[in-house]
Amino acid sequence: MTFRARHLLGIEHLAPDEIRSVLDLADSYVDLNRRTMKQSDALAGMTQINMFFENSTRTQSSFELAGKRLGADVMNMAVAQSSVKKGETLLDTAMTLNAMHPDLLVVRHPASGAVNLLASKVNCAVLNAGDGRHEHPTQALLDALTIRRAKGRIQRLTVAICGDIAHSRVARSNLILLGKMENRVRLIAPPTLMPPGVGEFGCELYDDMKKGLEGADVVMMLRLQKERMDGAFIPSEREYYHRFGLDAEKLAFAKGGCDRHASGPDEPRGRDRRHARRRHQPLGDPGSGRDGGGGAHGLHGSSGAELACRAGPCGRGGDGMSLLLTNARLIDPEGGTETEGDLLIEGGLIAAVGALEPPPGAEVIDCGGKCLAPGIVDLGVKVGEPGERHRESFRSAGLAAAAGGVTTIIARPDTMPAIDTPEVLEFVTRRAAEASPVRIRHMAALTRGREGREMVELGFLLDTGAVAFSDCDHVIETTKVAARCMTYARSLGALVIGHPQDPGLSAGASATNGKFASLRGIPAVHPMAERMGFDRDMALVEMSGVRYHADQVTTARTLPALERAKANGLDVTAGVGIHHLTLNEFDVGDYRTFFKLKPPLRSEEDRLAMVEAVGSGLIDIISSMHTPQDEESKRLPFEEAAWGAVALETFLPAALRLYHAGRLTLPQLFRAMAINPAKRLGLPQGRLSDGAPADLVLFDPDAPFVLDRFTLRSKSKNTPFDGQRMEGRVLATYVGGRRVYAAGE
């Protein structure tokens, strides 16, 4: 048949009958390649010039060989030595080529659209051998021929294209061709490698290989186009292979007799496949698990979550005996109530709540009318292991938490080194399980080394027990990196915890802008720096759809933006540190470094706005933001001193200041300190309901004391409450129904 177009620049402009005609013609030449004499005179007397502005071996050799076998005179233009490298433009090159009077130009160029531009300026036919991320029409035609020869047709098939869709011109050409030929096309890739808007081509999008391959007739695999990537689009090759590499287990979901096809120049090279397997294997040695599957994270026979839940005594489940706590003032944050009653514990779980009779053989403890509440779930605790054990160890942090009514610690990843690999996470999970009397779960870093450049292996880290991902106070400055991290996290359902702050404005600041900072001469930051950081993060959340938690909202200027985000349906929660609810900028006084925090303490107006936001539920979570610092790091001029304060033991009595001031009720406090953080992290703790873990705190909210920092169980003693009169003492703490702390013991 006669083609309507002079050039072959893309599949987009080919009609289905033209595609069939090309495939029929190509089919007739298959036997030519198998003959002893592989010559034809189809292009006899014609001149073919191959111009490859990108490095290529196979594609250029294929076009050279094809031209010669069809009888053409073939010339390869050495672009690296051409005038283009010396400043000649593409249009100058076109004028030179016109003077040579070639019949066919075969062009590959790194810029999308460059081949179209050249075709508009030359007097011969132009064949696109790949331009940027646009199209590679000849490869798509070759793929279609391969499918037709294997399946007997190129219509009404289910074809899955897997891999780096975003950077693959072959994927685009195949998508268009297969769509024109009435096939059902599925694209399977991590969301960071799925181009925006590609679903509008009429294809189906998947980020799960097994679901995407189910019932597929043909599977086409694409390699990672590293040469076209500006930064990290995947966590690592081993995680990519684990999720998106083709193996027998995944292929089993496709139809029986399904054809696998690695697409020409975009196919995974043997070296790449071997490398991916080699790097993946140590995390999932098939010979090392109880059942022959050790798990991708290397915790053979146990998940990281299981190990975390077996921390210390809570793993023994209260030894199975019944315990009845009677005559208690029950603080139920879920129901928002305070009632007199009893609570029965059996097998480490809450068995019943109300007016109860002791079961036979049960131990009975009279609570004396004191408050019994769910144990605190403290989101954002700094523990010094690994790297800074002299400041806080898992043992000392666990003892301090138990004494403060904290039954679950959510540890931050800002350690030395950062918790940014499954191996490090496995190590700290085991250490915590061995040393701590309370539960310890871990966040993992969002980027490697918390440096804001490459995302961590989020999938493997989730498998190993990470409950969330955060770079803590190291804000990711490159928005493109932050967007990719959030997009990838969304595909896994992972929670990202951000630190809303503009790093440029807040760099070097030790106080909040205002009269006090000016009077003291302390470098300060405007409260809008928090609002600006929060606004950026909300834009990224809206774009990616990720689950997001702001670790600390501390200024009134951020609250309207938070309210809008929630009203718009974004999956967003926010927290605040206990010090920003109970202290203000004037508490710094004469440069008292124990009051140097990050973010810095705010105005009294901001403090009251935060308290009101907690009461209304706009701010969801209160955290201790426990940050131990040794004496030497605080015995410095205010600007040079380390930031942060310990708070595990002072968390509850500091929070009770808000209760005694009439600002918040006890159910409101424990809503923000127990059930909300547990819900956000998907944990069963934080409740006084049947079947919930018996993680409880018994306390006297009215017991007065003067805090002596040297009595704290934390290794570091940097508390701003030293010497202050406080109210509220923990009488007992239970984890999994077992008492891990009792006052006076």
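Details of the structure are given in the entry above.
Here the structure is a predicted model, which means the values were calculated and not measured.

Draft legend 1. Structural view of the overall build of the protein. Summing up its helical and strand segments, the protein has 24 helices and 26 strands in all. On the principal axes, the C-alpha backbone points of the protein span a range of 105 × 65 × 45 Å. The burial tally for the protein puts 59% of its 745 residues in the buried class. Long-range pairs, those at least 24 residues apart, make up 74% of the contacts in the protein with a sequence separation of at least 6. Accessible surface computed for the protein: about 29,900 Å², of which carbon and sulfur atoms make up 50%.

Draft legend 2. Layout of the sheet that holds strand 22 (residues 572–577). Overall, parallel pairing links the 4 strands, which are arranged 18-21-22-23 in an open sheet. At either end of the open sheet lies a strand with only one pairing partner, and these are strand 18 (495–498) and strand 23 (621–623). Averaged over neighbouring strand pairs, the angle between their axes works out to 25° when direction is ignored. When strand 18 meets strand 21 (residues 547–550), the two strands line up parallel, connected through 4 bridges.

Draft legend 3. Representation of helix 1 (residues 16–30) within the structure. An ideal rise of 1.5 Å per residue puts 21 Å on 15 residues; helix 1 measures up with 21 Å between its terminal C-alpha atoms. Residues of helix 1 that are buried sit in contact with helix 5 (137–151) and helix 6 (169–180).

Draft legend 4. Spotlight on unusual backbone geometry. Of note, the amide linkage connecting Glu 385 to Pro 386 takes the cis form, showing an omega dihedral of 0°. Secondary-structure assignment places Pro 386 in the loop between strand 15 (376–381) and helix 12 (394–403). Even without being glycine, Asn 327 reaches a positive phi, approximately 55°. By secondary structure assignment, the location of Asn 327 is in strand 10 (residues 323–332). On the basis of relative accessible area, Asn 327 is assigned to the partly exposed category, the value being 35%. If you check the backbone angles, Cys 472 has positive phi at about 55° while not being a glycine. On the secondary structure map, Cys 472 appears in the loop between helix 14 (458–463) and helix 15 (479–492).

Draft legend 5. Representation of the packing of helix 18 (residues 528–544) against helix 19 (residues 559–567). For the pair helix 18 and helix 19, the least separation of the axes is 10 Å and the interaxial angle reads 15°. Comparing their axes, helix 19 and helix 18 come out roughly parallel. Crossing hand, helix 18 versus helix 19: left-handed. Every residue of helix 19 that contacts helix 18 at Arg 531, Phe 534, Asp 535 and Met 538 is listed here: Ala 561, Leu 562, Arg 564 and Ala 565. For the contact of helix 18 with helix 19, the class distribution of residues is 5 nonpolar, no polar and 3 charged.

Thresholds, definitions, all that
Residues numbered from 1 in each chain as written. Predicted model: local features only at pLDDT ≥ 70, side-chain atom pairs only at ≥ 80, totals over all residues. Heavy atoms only, no water. Helix = DSSP H or I, 4+ residues; strand = E, 2+ residues; numbered from the N terminus. Buried < 20%, exposed > 50% of the residue type's maximum accessible area, 1.4 Å probe, protein only. Contact = heavy atoms within 4.5 Å. Areas by Shrake-Rupley, 256 points an atom, 1.4 Å probe, with all protein chains shown as cover. Pairing = 2+ DSSP bridges. Axes fitted to C-alpha atoms, helices over the stretch in contact; angles between N-to-C directions. Expected span 1.5 Å × (residues − 1). Parallel < 35°, antiparallel > 145°, perpendicular 65-115°, else oblique. Left-handed = near helix turned anticlockwise from the far one by under 90°. Nonpolar A, V, L, I, M, F, W, Y, C, P; charged D, E, K, R; others polar.

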